[in-house]
Structure formats: structure tokens, C-alpha cells
Amino acid sequence: MHVVIVGTGPSGLILALLLSRANIRVTLLDGASTLDDRPRAAHYAPSAIRVLRDAGVLDDVRSKGFIPGAMMWRKIDGSPIAGLKDTPESRGEDGLTVLPLNMLGKVLLSHAEREGNISVKWEHKVVDVGQDEGGAWAVVEMRDGSEVRVTGDYLVGCDGANSRVRKALFGDVFEGKTWDAQIVATNVYYPLHDFGFTDINNIIHHEDYYMAAIISKDGMWRVSYGEDPKLSYEEVLANQPAKYERMLPGNPKPGDYKLTNVGPYRIHQRCAESFRVGKITLAADAAHLVNPFGGMGLTGGIVDVGGLAECLIGIEKGVADEDILDKYSEKRMEKWREYINPISSDNFLRVSATDPEDPFTTDEFLKFCREMEEDGTGKMKRDFDASVYDICHDFTQYYRDAPVSKTPATAVMNGTTAVNGVEGHASNGIKV
Ligand SMILES: Cc1cc2nc3c(=O)[nH]c(=O)nc-3n(C[C@H](O)[C@H](O)[C@H](O)COP(=O)(O)OP(=O)(O)OC[C@H]3O[C@@H](n4cnc5c(N)ncnc54)[C@H](O)[C@@H]3O)c2cc1C
């Protein structure tokens, strides 16, 4: 089998590694000349960690990144409301892991380049896709303006929020909504631990809500805050020092911190109308978008490609029919609708619309966190930790002669709420 993947972002690379390990040949096509190194995602939840392990990259990811400690919700004065008081040890082997996306991309690409089955083609901008009974192809615009066709048995669109593959299948239809908000993602060196902040912090405030999490071993923090959606990029930049001074503990002025990145994003909740049309499938941002609060974005995308790999490997081995790709579309869309979309929406509303003076009557999850802290039996926390796998779906159960029941390690283990409040998936500047 030969699979053409459009997009050498994290989802495309992980899918390529999973397929290559099953001896499936992969061609990755990307319109850019190298990896997108803008700092975007940083937190990957347990459901995604399993897929990274299957792709053979987890040890490298963990050696460059780290497993964070506690996640708290706080008032604007920094005082704690409720939280998940995990330690790196208590998070276990699938523990939420932090590594900025630009660094994750390098790890993934270095692994892909060592695989004889994977061919990475930069400056291959896909302008259209097509298919017939024999296979699926990408129409690629080369640097000199000429067009070539790259054909495989299957084609996967992992080409991000503005996916050309999705547009070729469904035009501009990408159902959902755009929030009346703008999130500004900044990377900054400022010692927030010194002010009592834990590794991940969500500050609840109607105007100055933000998320602050340490994202590198050398002390860089991601601070993502809400901003007036009417502000232009230049106005966002101009307003940033005043925002920081007003909202961060210690009321820092520009000389007090080292700012390394400012990236404004509009945020969305959107899902394609299907993740499969014949031999062409969609995954990750090409298929769905959520707002950045809650770490459900790329995490959800990584879980997509884990499932899609199971489907394609099943077809390759002759233990599944092509119809398994309908299951892929049906189940991944179901997980988005039932878990990823509502939970990520709640995550955003928790920081931006909850009353910080009365959080427990207005927010069920914060109430739950407080009860979990008070539960001496530890049962609530155990149940909560198990629920983090709710976004997964085991597609090997549709293989012919699949065992009727599965061990918990490989069965329908799914991932949701554990990452509530961690910054996650943003919209990557989608133009809709
Ligand atoms: C500020 C911010 C913070 C975030 N934090 C988190 C987080 O903590 N956790 C989390 O899980 N998620 C997070 N996300 C979301 C995460 O970054 C995205 O979900 C993820 O990058 C999507 O990966 P992808 O592979 O689907 O697409 P992308 O990363 O967008 O990659 C798409 C690739 O396709 C290529 N491409 C595009 N069009 C074409 C074409 N026509 N032809 C060929 N190639 C093409 C691009 O060059 C690119 O290489 C965050 C996002 C932002 C913006």
C-alpha cells in the first residue's frame, strides 16, 4: 500500500510513522520549504501520549520535554479556586507531556527521515485532489508553476485549519462557530513560580482571563490571554505591555520579562461534514477545530491519526474492508461532537464567563474538582483519570475475527477532561 499524506505538520508526521512501522509506504507533501516553527501547541494529553508511544517517538519527546505538576484555576489576584494537584509522578506512564510544537516537529521529522518507507517532499503545494477506483491523487503545484500528480492507494488531508483537501471535498463548508474573542499566545521568560503559580494556571476573569503554563525546561512560559477581537495585530502588540502589567502577578513592566513571541488567533469550534470521501480522509485540524483552552486540539488530532492508522493497517493486512474508513469518520466525528467540542467550549467559558466570586455554583467542573480534593477515598480522582481516554476509539475491534473483549490497555480507552484548562488547540489562523 502507498498512502499520500498532505501536510508535514505533527498529525501528518505521526500518521506517517505509524504507517511506516507497519511497512506501509508513505509520501508526505508539504507546500512549505520546512517545518512550521511557530510556537503553537505545547501540551499533549494521555490519549495522545499512547499514540506517540506507538509511533516510536515518546522517549525522545519526553527527553526533550517534561511532565508538568499541578493545574489550578485562580482569581485574577492569583488566589487558588480549585485544581488538579497532580505531580509528574502521579500522572503515570501516559502522563500529560509538555513540548512546544516547533520542538515536537523536529523530533517527529528526524524519526521520519530515518524511515526508508517515508518520503518527505517539501515545496509541494497541493491545489486539488482526485480519485477513481484505482487510487487517490494530489495535484501538486511545483515552485516553477508546473503541476504534477502524486498518486497513492489512499490520500489523507493533514493540511491544517485551511485544508485544501477539505475544501476540494466540501468547498467552504466547515460547520461550527467562531467565538467573539481573540486569544493572544505569548512566550515569555518571567518567573511565575516565584509568585506561587503552579505549572499550569487558568485565571478566571471576564476581561483579563488567561492561561499561564511553563513550557520549557529553561523556564519559558506560555501566557495566552483574551483580547478585544476588534484589535488589529499592531494594536494587539501595542496593548500587550499594559495587559501584562494589569493581569500578571508582580505587575511587570517590559524590562521585567523577556518576551519571545506574540501570536494573536481567532478561535473556532468547527467540524467537517465527513472525515471520509472514498479513498480520501481528513484528520486533525483539517477535520476539526476547537479553541485553545483545554488541550483538546492536537491531542484530538493525534488520536485521529492513531485511529486512522489502525484502519489503514487493517486494510493492508487484509483483516478489514475499505468500509472501516466509514467507521473512522463516524466514530471520530462522534468523539468530537460528544466530548471534544463541548468540553473545550466549557473550558473557554470557564475562564472567560464564570463568576470568579461564585465559581462553584456557576461551574460544575470546578465544583467537581473541589469535591475530588475532599474525597478521602481517592475514587473520584481515579474515575476522573480513567475518563481522560474517553476521546479514543479502538478500530481494531472492526477487524475480521477480532476478539470480542479487549484488555483495558488496548480497548475503548478514551480521553477527555484530564486536560481541562491546559492550553490546547487553537484555530491556527483559519480563514473562514
Ligand atoms: C497558540 C496555540 C496553542 C496551541 N496549543 C495546543 C496545545 O497545547 N495542545 C494541543 O493539543 N493543541 C494545541 N494547539 C493546536 C495545534 O497547534 C494544532 O491542532 C496543530 O498544530 C494541528 O496540527 P496539524 O498537523 O493538523 O496541522 P498544522 O500544524 O497546521 O500543519 C499543517 C501542514 O500542512 C501544510 N499545508 C497546508 N496547506 C497545504 C497545501 N495546500 N499543500 C501542502 N501542504 C499544505 C502546512 O505547511 C503544514 O506543514 C495550539 C494552537 C495554537 C495556535
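Think of each chain on its own: its residues are numbered from 1, step by step along the sequence as written. At least 70 in pLDDT is required for a residue's local features to be given in this predicted model, at least 80 for side-chain atom pairs to be given and counted, and no such filter applies to totals for whole chains, interfaces and linings, which use all residues. Side-chain metrics rest on all non-hydrogen atoms present in the structure, leaving aside hydrogens and water.

Right, let's talk about the UniProt feature "domain: FAD-binding" (unreviewed entry) in the protein chain for a bit. As recorded in UniProt, the feature "domain: FAD-binding" (unreviewed entry) lies at residues 2–334. Elements are defined by DSSP. Helices are runs of H or I of four residues or more, strands are runs of E of two residues or more, and each kind is numbered from the N terminus. As annotated, residues 2–334 comprises 28% helix and 32% strand, and the C-alpha atoms at either end are separated by 28 Å. UniProt positions are given in the numbering used here, feature names are shortened, and annotations may be inferred rather than shown by experiment.

All right, on to the environment of Lys 258 then. Here Lys 258 lies in strand β16 (residues 258–271). For the pair Lys 258 and Met 220, spaced 38 residues apart in sequence, the C-alpha to C-alpha distance is 9.2 Å.

A few words on the domain arrangement of the protein chain. Just so you know, the domain bounds were taken from an automatic or database domain assignment. Considered domain by domain, the protein chain is made up of domain 1 (2–69 + 83–175 + 269–419) and domain 2 (178–265). Domain 1 puts 32 residues into the contact, and the matching count from domain 2 is 24 residues. As a working definition, buried area equals the accessible area (1.4 Å probe) given up by two parts on being put together, with both sides summed. Considering only the side of domain 1, the residues that lose the most area to domain 2 are Pro 39, Phe 293 and Val 351, jointly responsible for 25% of the buried surface there. Salt bridge criterion: a side-chain nitrogen from Lys or Arg within 4 Å of a carboxyl oxygen from Asp or Glu. Linking domain 1 to domain 2 there are 0 salt bridges. Counted as a polar contact is a pair of N or O atoms within 3.5 Å, where, for protein atoms, one must be capable of donating a hydrogen and the other of accepting one, and residues adjacent in sequence contribute only when both atoms are in side chains. Between domain 1 and domain 2 we count 8 residue pairs in polar contact (both at pLDDT 80 or more) in total. Elements represented by at least two residues in the side of domain 1 that touches domain 2 include exactly α3 (58–64), β16 and α8 (324–353). In this classification, Asp, Glu, Lys and Arg are treated as charged, Ala, Val, Leu, Ile, Met, Phe, Trp, Tyr, Cys and Pro as nonpolar, and every other residue, Gly included, as polar. Along the lines of polarity and charge, the residues of the side of domain 1 that touches domain 2 split into 15 nonpolar, 9 polar and 8 charged. Whether two residues are in contact is decided by their heavy atoms, any of which lying within 4.5 Å being enough.

Scanning the model with the defined rule gives 24 salt bridges in all. We note a salt bridge from Asp 94 to Arg 50, for which the minimum N-O separation is 2.7 Å. Pair noted here: Asp 94 is in the loop between β5 (80–84) and β6 (97–98) and Arg 50 is in helix α2 (residues 46–54), with a separation of 44 residues, a long-range link. Three exposure classes are used, based on accessible area relative to the maximum for each residue type with a 1.4 Å probe and protein chains only: buried under 20%, partly exposed in between, and exposed over 50%. Classification of Asp 94 as buried rests on a relative accessible area of 5%. With its nearest N and O atoms 2.6 Å apart, the salt bridge here joins Lys 253 to Glu 245. A relative accessible area of 46% places Lys 253 in the partly exposed class.

So, about helix α4 (residues 101–113). With 13 residues, α4 should cover 18 Å at 1.5 Å per step; its first-to-last C-alpha distance of 18 Å lies within 8% of that length. Every buried residue of α4 is accounted for by Leu 101, Leu 104, Gly 105, Val 107, Leu 108, Leu 109, His 111 and Ala 112. Elements that come into contact with the buried residues of α4 comprise α1 (10–20), β3 (43–44), α3, β7 (118–121) and α7 (298–317). Expected helix span is computed as 1.5 Å times (number of residues minus one).

A few words on the sheet that holds strand β8 (residues 125–132). Two pairing modes exist for strands in a sheet, parallel and antiparallel, and in both the strands are linked by backbone hydrogen bonds. Overall, antiparallel pairing links the 3 strands, which are arranged β8-β9-β10 in an open sheet. Only two strands of the sheet have a single neighbouring strand rather than two, namely β8 and β10 (147–152). The sheet shows a mean angle of 25° between the axes of neighbouring strands, taken without regard to direction. In this scheme, strands are said to pair when DSSP sees at least two bridges between them. Comment: axis = line fitted to C-alpha atoms, over the contacting stretch for helices; angle = value between 0 and 180 degrees taken between N-to-C directions.

Turning next to the nonpolar core. What tends to happen in soluble globular proteins is that the nonpolar side chains get buried as a cluster. Ranked by internal contacts, the top residues of the largest apolar core, which has 82 residues, are Ile 5, Ile 14, Leu 15, Leu 19, Tyr 44, Leu 155 and Leu 312. Here the element with the most residues in this core is α7; it accounts for 10 residues. Each residue touching Leu 19, except ones within four places of it in the same chain, is listed here: Val 3, Ile 24, Val 26, Ala 309, Leu 312 and Ile 313. Here, nonpolar core refers to any group of buried Ala, Val, Leu, Ile, Met, Phe, Trp, Tyr and Cys residues whose side-chain atoms link them within 4.5 Å. Core analysis: the second largest hydrophobic core is formed by 25 residues, Ile 267, Phe 348, Leu 366 and Cys 369 among them.

Once that is clear, we can look at the pairing of strand β1 (residues 2–6). Extensive coverage of β1 is indicated by the burial of 5 of its 5 residues. Burial of the side chains of β1 extends over both faces: His 2, Val 4 and Val 6 are buried on one face and Val 3 and Ile 5 on the other. When β1 meets strand β2 (residues 25–29), the two strands line up parallel, connected through 5 bridges. By the bridge assignment for β2, Val 3 is matched with Val 26.

Turning next to α7. The first and last C-alpha atoms of α7 sit 28 Å apart over 20 residues, in line with the 28 Å expected at 1.5 Å per residue. Gly 318 occupies a position one or two residues after α7 and carries a positive phi of about 80°.

This brings us to the packing of aromatic side chains. Classification of ring pairs uses Phe, Tyr and Trp, with its six-membered ring standing for Trp, and accepts pairs whose centres are within 6.5 Å; under 30 degrees between planes counts as stacked, over 60 as edge-to-face, and the remaining range as tilted. According to the stated counting rule, one finds 15 aromatic pairs in the structure shown. Residues Phe 275 and Tyr 328 carry aromatic rings whose centres are separated by 6.3 Å and whose planes lie at 50° to one another, so their mutual orientation is tilted. Taken together, the positions of Phe 275 in the loop between β16 and β17 (276–277) and Tyr 328 in helix α8 put the pair 53 residues apart, joining distant regions of the chain. Owing to a relative accessible area of 0%, Phe 275 belongs among the buried residues under this scheme. Of the residues examined, Tyr 328 reaches a relative accessible area of 0% and is grouped as buried. Between Phe 293 and Phe 348, the aromatic rings sit 5.8 Å apart at their centres with planes inclined by 40°, giving tilted as the arrangement. In this pair, Phe 293 sits in the loop between β19 (288–289) and α7 while Phe 348 sits in helix α8, placing the two residues 55 residues apart along the sequence.

One open sheet holds the 6 strands; their spatial order is β7-β2-β1-β11-β18-β17, and the pairing between them is mixed. Sheet topology places β7 and β17 at the edges, where each strand pairs with a single neighbour.

Before going further, it helps to examine the side chain of Asp 375. Relative to the elements of secondary structure, Asp 375 occurs in the loop between α10 (364–374) and α11 (379–387). No salt bridge is formed by the buried Asp 375; its nearest oppositely charged neighbour, Arg 382, is found at 6.8 Å. Polar side-chain contacts of Asp 375 include one of 2.7 Å to the side chain of Thr 377. Only four residue types enter the charge count, namely Lys and Arg as positive and Asp and Glu as negative; His and the chain termini do not.

Our next topic: the environment of Tyr 225. Considering the arrangement of structural elements, one finds Tyr 225 in strand β15 (residues 220–227). Spatially, the C-alpha atom of Tyr 225 lies 4.1 Å from that of Tyr 210, the residues being 15 residues apart in sequence. Leaving out residues up to four positions away in the same chain, Tyr 225 has contacts with Gln 182, Ile 183, Val 184, Thr 186, Tyr 209, Tyr 210, Val 236, Gln 240, Lys 243, Tyr 244 and Met 247.

Right, let's talk about the confidence of the model for the protein chain for a bit. Across the protein chain, pLDDT averages 92, with 93% of residues at or above 70. Predicted confidence for residues 406–432 stays below pLDDT 50, and this span has 132 contacts to residues more than four positions away or in other chains. The predictor reports its confidence for every residue as pLDDT, a score running from 0 up to 100.

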